[in-house]
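Architecture at a glance
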Amino acid sequence: MLHSKPKEDNYLHKGLRKQLIETLKEKGITDNAVLEAINNIPRHFFLDPAFERIAYEDRAFPILADQTISQPYTVAFQSQLLQIKKFDKVLEIGTGSAYQACVLAELGATVYTIERQKELYDFVGKFFFLKNYPSIKRFYGDGYKGLPSYAPFDKIIITAAAPYIPDALLDQLKNGGIMVAPVGGDEGQKMMLITKDKKGNITQKEMGDFSFVPMLQGKNK
Ligand code: SAH
């Protein structure tokens, strides 16, 4: 699959990206900063060359270790809900291909991202494109635990289907912070928008149906 060597980003890719942006707008994405971030990132770099021609279709694709790179609409939707501001400290559960992490970094966030699959974690470590994003810090670990030593976070995003919101992650969210997470099982998940007010009170809101690979317990060697 990916990519230790730089790849070309030519007019064809750029044109396909413009079309993808139009599709995302039609589907209801309104945040221009998010659309611009997606427009700036060559998604085909994150995929096996076999997918190069279809890399800008609005769909998920397989990556290593039976995992997936999320559908662009899903990436845009979650990113939009997070209302990223420059220098926001964001915790991501499920690095996967690191595409979502790059979108958040493009939006100006410092991203702490955790992956439980060692193979994927190591592979992404060799990905040439990530050198452009020193604000992405990668961790091999279990997202259920979060990163207590780096907490609190302004924003938290889970990019795997969580059977429930882990208390450890709620604890690591700042007062005034936002968490976005797909909650549910194999049959599908509800995107939950979770906010913590200034006093630490938590509110949850359902934001629609999505389908992610499962958030699993523990690390995988
Ligand atoms: N954000 C990714 C989407 C990856 S799919 C992208 O943009 O490509 C979800 C990822 O979550 C998978 O790589 C999976 O291995 C990882 N994952 C699942 N459970 C996890 C856990 N408990 N901790 C950390 N990562 C986890």
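Before reading on, note that the structure itself is shown above.
1. Regarding the overall build of the protein
- For the protein, the count of helices and strands is 6 helices and 9 strands.
- In summary, the protein has a C-alpha radius of gyration of 16 Å against a globular reference of 17 Å for 221 residues, a match within 12%.
- For the protein, the spread of C-alpha atoms along the principal axes amounts to about 50 × 40 × 35 Å.
- Residues counted as buried form 52% of the 221 residues belonging to the protein.
- Residue pairs at least 24 apart in sequence account for 57% of intrachain contacts in the protein once pairs closer than 6 positions are excluded.
- Roughly 10,400 Å² of accessible area belongs to the protein as shown, and the carbon and sulfur atoms make up 50% of that amount.
- Counting 29 positive and 26 negative side-chain charges, the protein places the averaged centre of each group 6 Å from the other.

2. Thoughts on the nonpolar core
- Counting 54 residues, the largest nonpolar core has Leu24, Ile38, Phe46 and Phe129 as the members making the most contacts within it.
- When contributions to this core are tallied by element, the ones reaching two or more residues are helix H1 (11-26), helix H2 (32-40), helix H3 (72-82), helix H4 (99-106), helix H5 (118-125), strand S7 (173-185) and strand S8 (188-196).
- Residues within four places of Ile38 in sequence aside, it is in contact with Arg17, Leu20, Ile21, Leu24, Pro72, Ala76, Tyr99 and Val103.
- Counting residues in each nonpolar core, the second largest holds 21 residues, with Ile93, Phe139, Leu170 and Ile194 among its members.

3. Re the packing of aromatic side chains
- For the coordinates displayed, the defined rule picks out 19 aromatic pairs.
- Considering the side-chain rings of Tyr112 and Tyr150, the 5.2 Å spacing of their centres and the 45° angle between planes classify their relative orientation as tilted. Pair noted here: Tyr112 is in strand S4 (residues 110-115) and Tyr150 is in the loop between strand S5 (136-140) and strand S6 (153-158), with a separation of 38 residues, a long-range link.
- Using a relative accessible area of 11% as the deciding quantity, one classes Tyr112 as buried.
- Classification of Tyr150 by relative accessible area gives partly exposed; the value is 34%.
- Members of the aromatic cluster, each reached through a chain of ring pairs, are Phe45, Phe46, Tyr99, Phe127, Phe128, Phe129 and Tyr133.

4. Description of the packing of H2 against H4
- Between H2 and H4, the shortest axis-to-axis distance is 9 Å and the interhelical angle comes to 125°. Considering the angle they form, H2 stands oblique to H4. As H2 runs across H4, the sense of the crossing is right-handed. Here H2 contributes Ala37, Ile38 and Asn40 to the contact with H4, which in turn contributes Tyr99, Val103 and Glu106.
- Its residues placed into classes, the contact of H2 with H4 shows 4 nonpolar, 1 polar and 1 charged.

5. Examining the environment of Met191
- With respect to the helices and strands, the residue Met191 is situated in strand S8.
- In this structure Met191 comes out as buried when scored by relative accessible area, which is 0%.
- Excluding anything up to four places from it in sequence, Met191 contacts Phe77, Gln78, Leu81, Val180, Ala181, Pro182, Lys205, Glu206, Met207, Gly208, Phe210 and Phe212.

6. With respect to the sheet that holds S5
- With respect to topology, 7 strands assemble into an open sheet ordered S5-S4-S3-S6-S7-S8-S9, the strand pairing being mixed. Looking at which strands have only one partner, the edges of the open sheet turn out to be S5 and strand S9 (202-210). Each strand axis lies, on average, 15° off the axis of its neighbour in the sheet, ignoring direction.
- As paired elements, S4 and S5 share 5 bridges and run parallel to each other. Paired with Glu115 across the bridge in S5 is Tyr140.
- Across the sheet, H3 lies against S6, S7, S8 and S9, angled at about 150° from S7, the strand it touches most.
- Its contacts with the sheet put H4 on strand S3 (89-93), S4, S5 and S6, and the angle it makes with S4 is roughly 170°.

7. Side note on the site of the ligand
- Contacts to the ligand come from 27 residues, most closely from Gly94, Ser97, Glu115, Gly143 and Leu216.
- Ser97 places a polar side-chain atom, nitrogen or oxygen, 2.7 Å from an oxygen atom of the ligand.
- Glu115 places a side-chain nitrogen or oxygen 2.6 Å from an oxygen atom of the ligand.
- Against a free-state accessible area of 580 Å², the protein chains account for coverage of 99% of the ligand.
- Applying the majority rule of atoms within 2 Å of the grid points places the ligand in the largest pocket.
- When residues of the shell around the ligand are traced back to their parent elements, those giving at least two are strand S2 (68-69), S3, H4 and S4.
- Classifying every residue of the shell around the ligand gives 11 nonpolar, 12 polar and 4 charged.

Parameters at a glance
Residues numbered from 1 in each chain as written. Predicted model: local features only at pLDDT ≥ 70, side-chain atom pairs only at ≥ 80, totals over all residues. Heavy atoms only, no water. Helix = DSSP H or I, 4+ residues; strand = E, 2+ residues; numbered from the N terminus. Rg over C-alpha atoms; globule rule 2.2 N^0.38 Å. Buried < 20%, exposed > 50% of the residue type's maximum accessible area, 1.4 Å probe, protein only. Contact = heavy atoms within 4.5 Å. Areas by Shrake-Rupley, 256 points an atom, 1.4 Å probe, with all protein chains shown as cover. Lys, Arg positive; Asp, Glu negative; His and termini not counted. Charge placed at Lys NZ, Arg CZ, Asp CG, Glu CD. Core = buried A, V, L, I, M, F, W, Y, C linked by side-chain atoms within 4.5 Å. Phe/Tyr/Trp six-rings, centres within 6.5 Å; stacked < 30°, edge-to-face > 60°. Axes fitted to C-alpha atoms, helices over the stretch in contact; angles between N-to-C directions. Parallel < 35°, antiparallel > 145°, perpendicular 65-115°, else oblique. Left-handed = near helix turned anticlockwise from the far one by under 90°. Nonpolar A, V, L, I, M, F, W, Y, C, P; charged D, E, K, R; others polar. Pairing = 2+ DSSP bridges. Near = heavy atom within 4 Å. Polar contact = N/O pair within 3.5 Å; in protein donor to acceptor, adjacent residues only side chain to side chain. 1 Å grid on protein atoms, 1.4 Å probe; cavity = no way out; pocket = protein on both sides within 12 Å on 5 of 7 lines; lining within 4 Å. Sits in = over half its atoms within 2 Å of the grid points.

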